Amino acid sequence: MVGGGKPYGNLAEAALAVKGDRIAWMGPAAEAAAGAAAGNVPVESCHGLWMTPGLIDCHTHLVYGGDRVEEFEKRLCGVSYEEISRAGGGIQSTVNATRAAAADTLYASALVRARRLMSEGVTTLEIKSGYGLELEAERRLLEVARELGRRLPLSVRTTYLGLHALPQEYQADRAGFVARACGPWLAALAGAGLVDAVDAFCENVAFTLAETEQLLRAAQALGLPAHVHAGQLTDMGAAELAARYRALSADHLEYLSDTGARALAAAGTVAVLLPGAYFMLRQSNPPPIRLLRQAGVPMAVATDCNPGTSPCTSILLMLNMACTLFGLTPLEALSGVTCHAAQALGLQAELGTLEVGKRADFALYQIDRPAELCYNLGANPCVGVVHGGAPRAVGQPQEPV
Ligand code: DI6
Ligand code: FE
């Protein structure tokens, strides 16, 4: 995935040497054999397989309580979204279930989802809080996310999604909720080392531009980078705001103006595309891909794994949807889960390409050419992953439950 040369940066008949958790050498397989023999280094043959950088899912809400299956079923049986909402459904039902769940219950359900993503070649996962919406429940979500990163052969980046929804008990006190979420709660969680970045759902059904800015300003004061849920349902100018605060990413972007796209490009903010939510919500206006291309905005692709609008644990399915629904080329889609996803997490110096000095995270696929990863619907050709230099056969989890 290193640009400038062959498509996909493809190297044929190549070998790669690992020292510790780093890529120490890359070159022709014939040279590697001689070097390995001289240095008495163990050699693994991956003959006939394709190796990619470990895939990065840079936008998930992986940890939550309960599910929304019943709601899905009801809606398809003709019950309206409003009726479901009034009966305590929707996002608030996930907040209730999450608050009621013990940490080990949250861990167990998130583990299943993490394993599914890992089985397709994911080695780095961003996980947002945002279903707790009060200090201790948010803390539990972030702690569970960190625990997944400690126990699994997986790098986890945590994001405090402080402004996701206005919880029931604050319906009459919006300002009070926002002040707490952006003030003492963020300070406590960041102080505990649980927060790698912040995020806000800037949308007419969620939080305003001014409220979002309050969180971005608080994050800036703490030296934390930001992501912003921007332009999923309407264009409120959230992309411009994200750019103004040099956010790592602006996510969704189905609604994005020319000025928004240019602002993202100038700020180096990555556009994270989430075709799973677009599909589930049966939207019909894809993000303006041509505009993003012309402006030179790097595009990432992620699952948005969440119980409401994208109950998705397949990054490979997202590759297909990014191509079929949004019109990305397979090269753009693959860049979206490797080099550009790394950039969306601020980890481009460490991850996202196979290059000497980078972390030895990679995935092995039984395919004939890279575009197959985007072409297949529902297949999983991943036969193994290496995380930090340690091999792990897919389907044989070594980590404790
Ligand atoms: N965007 C979404 O689509 C979800 N959250 C967000 O920020 C909705 C989350 C849910 O319905 O549970
Ligand atoms: Fe999201």
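Below is a short write-up of the structure. (Residues numbered from 1 in each chain as written. Chains lettered and ligands numbered in written order. Predicted model: local features only at pLDDT ≥ 70, side-chain atom pairs only at ≥ 80, totals over all residues. Heavy atoms only, no water.)

This paragraph deals with the coordination of the iron ion (ligand 2). In this structure, His59 (NE2), His61 (NE2), His229 (NE2) and Asp304 (OD) serve as the protein donors to the iron ion (ligand 2), at separations of 2.1 to 2.2 Å. For His59, a relative accessible area of 0% puts it in the buried group. Using a relative accessible area of 2% as the deciding quantity, one classes Asp304 as buried. (Donors = N, O, S within 2.8 Å, 3.2 Å for Na, K, Ca; no water. Buried < 20%, exposed > 50% of the residue type's maximum accessible area, 1.4 Å probe, protein only.)

Before going further, it helps to spend a moment on the nonpolar core. Soluble globular proteins tend to pack their nonpolar side chains together in the buried interior. In terms of nonpolar packing, the biggest core is built from 100 residues, with Leu148, Tyr160, Phe177 and Val198 touching the most fellow members. Contact partners of Phe177, with chain neighbours within four places excluded, come to Leu133, Gly162, Leu163, Ala165, Leu166, Pro167, Tyr170, Trp185 and Phe207. Core analysis: the second largest hydrophobic core is formed by 13 residues, Ile56, Ala300, Ala342 and Leu345 among them. (Core = buried A, V, L, I, M, F, W, Y, C linked by side-chain atoms within 4.5 Å. Contact = heavy atoms within 4.5 Å.)

Here we take up the site of ligand 1. Near ligand 1 you find Arg68, Ile91, Tyr131, His164, Phe201, His229, Gln232, His252, Asn306, Gly308 and Thr309, and these make up its full shell. Contact between ligand 1 and His164: a nitrogen atom at 2.8 Å from a side-chain N or O atom of the residue. One of the side-chain nitrogen or oxygen atoms of His229 is found 3.2 Å away from an oxygen atom of ligand 1. Its free accessible area being 320 Å², ligand 1 has 95% of it covered by the protein chains. Counting atoms within 2 Å of the grid points, the majority share of ligand 1 lands in the second largest pocket. (Near = heavy atom within 4 Å. Polar contact = N/O pair within 3.5 Å; in protein donor to acceptor, adjacent residues only side chain to side chain. Areas by Shrake-Rupley, 256 points an atom, 1.4 Å probe, with all protein chains shown as cover. 1 Å grid on protein atoms, 1.4 Å probe; cavity = no way out; pocket = protein on both sides within 12 Å on 5 of 7 lines; lining within 4 Å. Sits in = over half its atoms within 2 Å of the grid points.)

In this section: the layout of surface pockets. In this model, the largest pocket occupies a volume close to 1,700 Å³. Looking at the largest pocket, it is lined by 49 residues, and the ones nearest its centre are Ala14, Ala15, Leu16, Cys46 and Met51. Considered class by class, the residues forming the lining of the largest pocket number 36 nonpolar, nine polar and four charged. Taken as a whole, the second largest pocket spans an internal volume of roughly 1,000 Å³. Looking at the second largest pocket, it is lined by 36 residues, and the ones nearest its centre are Arg68, Tyr81, Ile91, Val205 and Thr309. For the lining of the second largest pocket, the secondary-structure elements that each account for two or more residues are helix 2 (69-76), helix 3 (81-86), helix 4 (91-100) and helix 11 (275-280). The residue inventory of the lining of the second largest pocket, partitioned by class, reads 15 nonpolar, 15 polar and six charged. (Points joined across faces, edges and corners; volume = space filled by probe spheres on them. Nonpolar A, V, L, I, M, F, W, Y, C, P; charged D, E, K, R; others polar. Helix = DSSP H or I, 4+ residues; strand = E, 2+ residues; numbered from the N terminus.)

Okay, the state of the cysteines next. For the coordinates displayed, the defined rule picks out zero disulfides. Summary of cysteine pairing: Cys305 is not part of a disulfide, and the nearest cysteine sulfur, belonging to Cys312, is at 7.0 Å. Unpaired in this structure, Cys382 has its nearest cysteine sulfur neighbour in Cys46, at a distance of 12 Å. The class of Cys382 is buried, set by a relative accessible area of 7%. (Disulfide = S-S within 2.5 Å.)

Attention now goes to the packing of aromatic side chains. The full count for this structure, using the stated rule, is six aromatic pairs. Ring centres of Phe177 and Trp185 lie 5.7 Å apart, and the angle between their planes is 75°; on these two criteria the pair is classed as edge-to-face. For Arg113, the ring lying beneath its charged end belongs to Tyr64, and the centroid distance is 3.8 Å. Arg151 extends its terminal NZ or CZ atom over the ring of Tyr107, reaching a point 4.5 Å from the ring centre. (Phe/Tyr/Trp six-rings, centres within 6.5 Å; stacked < 30°, edge-to-face > 60°. Lys NZ or Arg CZ within 6 Å of the ring centre and 35° of its normal.)

On to the sheet that holds strand 14 (residues 390-392). Here we have four strands laid out as an open sheet, ordered 3-12-13-14, and antiparallel in their pairing. Looking at the sheet topology across the chains shown, the edges are occupied by strand 3 (50-53) and strand 14. Across the sheet, the mean angle separating the axes of adjacent strands is 25° when strand polarity is ignored. In this sheet, strand 12 (residues 362-365) lies alongside strand 3 in antiparallel orientation, the contact comprising four bridges. Bridge assignment links Trp50 to a residue of strand 12, and that residue is Tyr365. (Pairing = 2+ DSSP bridges. Axes fitted to C-alpha atoms, helices over the stretch in contact; angles between N-to-C directions.)

This part is about the pairing of strand 8 (residues 226-230). Of all five residues that make up strand 8, five are buried, and the element is covered over most of its length. Pairing between strand 7 (residues 197-202) and strand 8: five bridges, direction parallel. Looking across to strand 8, one finds that Cys202 is bridged to Ala230. In this view, the connection linking strand 7 to its parallel neighbour strand 8 by way of helix 8 (residues 209-222) has right-handed handedness. By the bridge criterion, four bridges tie strand 8 to strand 9 (residues 249-252) in an arrangement that is parallel. (Right-handed = clockwise from strand over helix to strand, strands pointing away.)

A few words on the side chain of His252. Within the secondary structure, His252 is located in strand 9. Filtering out sequence-adjacent residues up to four positions away, His252 remains in contact with His59, His229, Ala230, Gly231, Gln232, Val272, Leu273, Leu274, Ala277, Pro287 and Asp304.

This is a description of form; function is not addressed.
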